[in-house]
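Summary of the model geometry
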Amino acid sequence: MEKKLEKYILDHSTAEDPVLEELYRQTHIRFVNPNMVSGHLQGRILELISKMIRPQNILEIGTFTGYSAICMAKGLASGGKLFTIEINDELKLFAASFFEKAGLTSVIEQLTGNALDIIPRLKTEFDMVFIDGDKREYIDYYKAVIDKVRPGGYIIADNVLWGGMVLVPATRDPQAKGIISFNEMLRNQKNIEMVILPIRDGLMIIRKVL
Ligand SMILES: C[S@@+](CC[C@H](N)C(=O)[O-])C[C@H]1O[C@@H](n2cnc3c(N)ncnc32)[C@H](O)[C@@H]1O
């Protein structure tokens, strides 16, 4: 997006929460690939979507440093819970320290390990799922989770435009191939409705109809 327009959008959106501002800065200082973090614009969108749904239970695949988890947890219904899965155990304490700073420790449960091993063991029904793990595994995440989403519930998938590489079907980039296959697979599903929001790297909003 053009820089001036992006600045205008951010200037006319609610300012970033100071805890998230600090989390964003620390993520850039301390981690490789800091660009994986959601950031202000996408974070606000996730927060407001969550506030619209008012979910009892949220599942996130790919915690990283915890930015999106904090945003979505702010929309939980009273007594609700957000489960967030991260394969890299070195991120756990860092993310936990920011969940505490955000006052959300009691509603966020961190699960460490491979989402594809953990999801089948979860007994919870989810109102909202955020898929943001390894792009090559998006179809597997979707298949693992769809039966655990309540009818009328939502799955949101990040990076579904993959920097525009979705327009290059012959690409050899495995991540781009994963995203292209995921988007194609969704087109053939009968029990969902969906739309791509062209925000940041593309957010797919999927509603499970039945
Ligand atoms: C794009 S980052 C997540 C960013 C975070 N959701 C945010 O918006 O701030 C992706 C994360 O998924 C994790 N990941 C990749 N494959 C995974 C898997 N199979 N199970 C759980 N986590 C995984 C990576 O270690 C990485 O931290």
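As shown above, the structure is provided for reference.
Residues numbered from 1 in each chain as written. Predicted model: local features only at pLDDT ≥ 70, side-chain atom pairs only at ≥ 80, totals over all residues. Heavy atoms only, no water.

**A few points about the packing of helix H7 (residues 138–145) against helix H8 (residues 174–187)**
Taken N-terminus to C-terminus, the directions of H7 and H8 make an angle of 40°; their axes are 8 Å apart at the nearest point. One element, H7, and the other, H8, form an angle in the oblique class. Across the interface between the two elements, Tyr138, Ile139 and Tyr142 of H7 pack against Ile179, Ser181, Phe182, Met185 and Leu186 of H8. Split by residue class, the contact of H7 with H8 holds 7 nonpolar, 1 polar and no charged. (Axes fitted to C-alpha atoms, helices over the stretch in contact; angles between N-to-C directions. Helix = DSSP H or I, 4+ residues; strand = E, 2+ residues; numbered from the N terminus. Parallel < 35°, antiparallel > 145°, perpendicular 65-115°, else oblique. Contact = heavy atoms within 4.5 Å. Nonpolar A, V, L, I, M, F, W, Y, C, P; charged D, E, K, R; others polar.)

**Considering the site of the ligand**
The full set close to the ligand counts 22 residues, and Ser38, Gly62, Ser68, Glu86 and Asp132 are the nearest of them. A distance of 2.8 Å is found between a nitrogen atom of the ligand and a backbone nitrogen or oxygen belonging to Gly62. With respect to the ligand, the backbone of Ile87 contributes an N or O atom lying 3.2 Å from a nitrogen atom. In isolation the ligand offers 610 Å² of accessible surface; the protein chains occlude 92% of this area. When atoms are counted within 2 Å of each cavity's grid points, the one that captures over half of the ligand is the largest pocket. Mapped onto the shell around the ligand, the elements with two or more residues apiece are helix H4 (67–73) and strand E2 (81–86). (Near = heavy atom within 4 Å. Polar contact = N/O pair within 3.5 Å; in protein donor to acceptor, adjacent residues only side chain to side chain. Areas by Shrake-Rupley, 256 points an atom, 1.4 Å probe, with all protein chains shown as cover. 1 Å grid on protein atoms, 1.4 Å probe; cavity = no way out; pocket = protein on both sides within 12 Å on 5 of 7 lines; lining within 4 Å. Sits in = over half its atoms within 2 Å of the grid points.)

**Quick word on H8**
Taking 1.5 Å of rise per residue, the 14 residues of H8 would be expected to cover 20 Å, and the 20 Å separating its terminal C-alpha atoms lies within 8% of that figure. What H8 keeps buried is the set Ala176, Gly178, Ile179, Ile180, Phe182, Asn183, Met185 and Leu186. Check the buried side of H8 and you find it contacts H7, strand E5 (149–158), strand E6 (192–197) and strand E7 (203–208). In this structure Asp173 caps H8, since a side-chain oxygen of it lies 2.9 Å from the backbone nitrogen of Gln175. (Expected span 1.5 Å × (residues − 1). Buried < 20%, exposed > 50% of the residue type's maximum accessible area, 1.4 Å probe, protein only.)

**Thoughts on the environment of Ala144**
In this structure, Ala144 sits in helix H7. In this structure the C-alpha to C-alpha distance between Ala144 and Thr63, which are 81 residues apart in sequence, comes to 18 Å.

**Structural notes on the side chain of Glu47**
Summarising the element assignment, Glu47 is placed in helix H3 (residues 40–53). At a separation of 2.9 Å, a polar atom in the side chain of Glu47 contacts the side chain of Arg44. Every residue in contact with Glu47, bar those within four places of it in the chain, is listed here: Cys71 and Lys74.

**A look at empty space enclosed by the protein**
As enumerated under the stated definition, the model contains 2 cavities of 30 Å³ or more in all. Looking at the largest cavity, its volume works out to about 50 Å³. Around the largest cavity sit Glu16, Asp17, Leu20, His40, Gly43, Arg44, Glu47, Tyr67 and Cys71, which together line it. Looking at the lining of the largest cavity, the elements with two or more residues in it are H3 and H4. A per-element tally of the lining of the largest cavity places H3 first, with 4 residues. Residue classes in the lining of the largest cavity are distributed as 3 nonpolar, 2 polar and 4 charged. In this model, the second largest cavity occupies a volume close to 40 Å³. Lining of the second largest cavity is provided by Thr63, Glu86, Asn88, Asp89, Lys92, Gln110, Leu111 and Thr112. (Points joined across faces, edges and corners; volume = space filled by probe spheres on them.)

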